[in-house]
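Each chain, letter by letter, is given below.
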Amino acid sequence: MDEPVLVIDFGTSTSSAVLVADGAARPLKEPGSGSYSWPSVVCRDGERLLVGVTAERRKRSDPAAYRAEFKRDLGQVAEIPLGDASYPVEHLVAAVLRVLRDRAEELHGAPVDRAVLTVPASYGDGDARRNLMVAAGERAGFAEVDLLPEPVAAALAPLPGAGFGAGDLVLVYDFGGGTFDAALVRFGPDGGHDVLGHRALDDCGGRDVDAVLIDHIRTAGGDGLAESLHDGGSRMVRLRFGLQLGDFARGVKHQLSEVDAVEDFVTAAAPPSHVARAELATLIAPLLARTIDCCHTLLRGCGVAPGNVAAVLLVGGTSRMPVVADTVGPAFDRLLRRPEDPDLAVAQGAAELELRLPPRRVEPEVGTDITAPRWTLPGGGGRLVRVLAGPGDDFAPGDVLAVARDVTGRLQRLLAPPFPGRVEAWTVAVGEPFASTDAPARVARTGSALRLLDPPRLRFRHDIFKEKVFDVKSVAFSADGRKLVFAHQLCSAWTYEAGTGYRLETNRWSAGDNLDDADVSPDGRWLATAAKDGFVYLWDTTINRPRKLRHGARVSSVHFSDDGRSLVSSGWSSTVRVWDVTTAGCSLQFDAAPSYVLVGVVRFGPGGRVIATGTRDATALWDTATGQQLVAIPHDAHVLGLAFAPDGRRLAASYDDGTVIVWDTATGAPVLTLGERQTGTMRDRVTGVAFSPDGCWVAAGHRGAVIWDAVTGERLGQAGGPDRVRAVAFSPDGLALACGGHQSLEVHEIAVPR
Ligand code: ADP
Ligand code: MG
């Protein structure tokens, strides 16, 4: 089950929050008032900070310790005085967030460690206020804090009637307590959405309506009201009167959203105050005109005509005033939409997004060293925010190991490598940055990650050579995984479409039998075959015609470098030759063995810098630039197959004594021995060998194809039946294994249990 998330719309005047847990969204009720709106206010009480309705109630007894609308001050350096102490703004924000978190935990009955905080669209990427909001969230005890633009959230709020569809342009008109925010949101396919532009008025909100109304009430109340409020008292008394008048005006304003006129008394002794809805509408007409102008400027800036806007979405508490809809509707001549609950709209929309979209996840790259996974976040590096699997913790493929913040400020979950394992250590501390080239975690593999599926996904059968028994000698995939080429003993190299099994082409070597090896260039264009007549045939598959490269004696092995520019060949002579694929010229030749020893197999290392050769009694590594021998590894069995690990640090060699040995290429020391060593004449030889593209597995042809764990040496599985498999190749995505053998070529899918 996913962790609970508390979505918080921290507003200038009020905040609201929705708890998303177990697939459901629950708005949080303010316990003091029973409403879903939590006043964003604080009042200092000794060492404590009271928040919300409790603070609201305390303000009369200590008005100097009370503060509202401090969201506007976010980013300022000066601290906010509350009585005789003062606080950084973000500490006050944190106090509000903490109260919401406490309430959410009470409701959920368990810790709530994740938060999504909505922020005005004006807090763009790189705006310091984004960091301050994250810091406030962390200060409130959330381990993970993500941010979401308010208009995006508002646009997803539940609406009576049909929701918005793909391609719709929605003008979000958010008339709140402290500010007016306009944003143009475009809905994309599959529920995506972009903020195309936004504009805000920082001095145009419910409080400005209140200010206008207060003036009006004061003026209309005349001397009688002034006397009852008599401002001759102390500063404290004046503050109290100010707060009282503000509360009174707000009460009148709210009532006027329901009734046409109000008569009420500021104090018991004051003369009655009369305000009609129409009067209020006239009073705030200039404010409304500014909001309309702001929207027009926004649309012009985005190059969008009002006629192209699908709807205007009215959100924010001040939009509850009937005059707002009455003004905005005619101004745009567009459909007006109202969320079910304008003050909850932002929090509910953000909760909807949380329910709908899974969190962003990043798969690790498990490259050359499987103990050091790396994660490339969008934009490059990131900062570690939270570790979910600490040292000693086991993980399964697909688990979330940690959470990081990418350079744009969004949270990304770092997924575990595709095998069961254990976290050994984190090399980056929480809060610290890491690059996509860094490996922030060290892991150990603890179990088998793979299972071979039988029957094979594809099965290749060749009835053309019914009369003769033949063997597949080699198999190779093109780098994009689309072509599969194999050479068989008789005379041909065949190319198949690896996904479907369709035969694409046959490259026939016309001179008879015994084709020992074939390879396909990474781009799939060139095919090289090793032939008995002493030539390497380099086929341009686009025209199916070969160039003949004179190697000397019967050719036993060919291999393309991974850039596809070079080809290396070896054979019944001791000479190894390197060819330039474009010019067909021989760029290097060297003797890899005494003249009477044939070189049965030759392979380029990753990057083409080294060449490995295998003979009847040794494996050796050579420098491709000079032909100098780098390492010699004597062994008393014939080398039948060679494969480099993707990092080039290990070389697997298969032998005719039934073993595969993985060698350290720097020292020539054995790292791992796979399979049982056999003696006598009836030995089961191991022929072809291959490393999986991630370096985690070694496969070799035996009776069937066997796959081992390249680190632990554990035998993980077997593909194919009892027939001898002579050649093996992993598809470039590592998800399939091609096995060529006695009268068959099969491709097995490899399943990694999730
Ligand atoms: P913010 O997001 O800026 O905190 P809100 O969207 O929560 O603001 O809106 C708060 C403002 O809405 C306050 O000024 C409040 O007085 C006003 N408001 C709330 N309800 C009503 C109502 N029924 N009629 C008029 N104004 C209202
Ligand atoms: Mg708001």
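Residues numbered from 1 in each chain as written. Chains lettered and ligands numbered in written order. Predicted model: local features only at pLDDT ≥ 70, side-chain atom pairs only at ≥ 80, totals over all residues. Heavy atoms only, no water.

Draft legend 1. Looking closely at the site of ligand 1. Around ligand 1, the structure places 17 residues, and the nearest of them are S13, T14, H254, S257 and G317. Within the side chain of T14, an N or O atom sits 2.3 Å from an oxygen atom of ligand 1. H254 places a side-chain nitrogen or oxygen 2.8 Å from an oxygen atom of ligand 1. Bound to the protein, ligand 1 loses 88% of the 570 Å² it would expose on its own. Among the elements that take part in the shell around ligand 1, helix 6 (residues 235–256) stands out by supplying three residues, more than any other. Grouping the amino acids of the shell around ligand 1 by side-chain chemistry returns one nonpolar, 13 polar and three charged. Each of two domains, domain 1 (1–157 + 341–359) and domain 2 (159–338), supplies a minimum of three residues to the shell around ligand 1. (Near = heavy atom within 4 Å. Polar contact = N/O pair within 3.5 Å; in protein donor to acceptor, adjacent residues only side chain to side chain. Areas by Shrake-Rupley, 256 points an atom, 1.4 Å probe, with all protein chains shown as cover. Helix = DSSP H or I, 4+ residues; strand = E, 2+ residues; numbered from the N terminus. Nonpolar A, V, L, I, M, F, W, Y, C, P; charged D, E, K, R; others polar. Domains from an automatic or database assignment.)

Draft legend 2. Spatial organisation of the nonpolar core. Ranked by internal contacts, the top residues of the largest apolar core, which has 44 residues, are L171, Y173 and F180. Breaking this core down by element, the ones donating at least two residues are strand 12 (169–175), strand 13 (180–187), helix 5 (206–228), helix 6, helix 7 (277–302), strand 17 (311–315) and helix 8 (322–332). Here the element with the most residues in this core is helix 7; it accounts for nine residues. Excluding its chain neighbours within four sequence positions, the residues that come into contact with F180 are Y173, D174, F175, R199, A200, L201, C204, T291, C294 and C295. Within the second largest apolar cluster, 37 residues are counted, among which are A17, L19, L92 and A94. (Core = buried A, V, L, I, M, F, W, Y, C linked by side-chain atoms within 4.5 Å. Buried < 20%, exposed > 50% of the residue type's maximum accessible area, 1.4 Å probe, protein only. Contact = heavy atoms within 4.5 Å.)

Draft legend 3. Expanded view of the sheet that holds strand 38 (residues 566–571). Strand order in this open sheet of four strands is 37-38-39-40, and the pairing throughout is antiparallel. The sheet is open, and its two borders are formed by strand 37 (555–560) and strand 40 (586–591), each paired with just one other strand. Across this sheet, the average inter-strand angle for adjacent strands is 15 degrees, counted without regard to direction. Where strand 39 (residues 575–580) meets strand 40, five bridges bridge the pair, whose relative direction is antiparallel. Following the sheet pairing, V578 is matched in strand 40 by L588. (Pairing = 2+ DSSP bridges. Axes fitted to C-alpha atoms, helices over the stretch in contact; angles between N-to-C directions.)

Draft legend 4. A look at the confidence of the model for the protein chain. Averaged over the protein chain, the pLDDT score is 87; the fraction of residues at 70 or greater is 91%. Per-residue pLDDT stays below 50 along residues 461–469; that stretch engages in 15 contacts with residues further than four places along the chain or on separate chains. (pLDDT = per-residue confidence, 0-100.)

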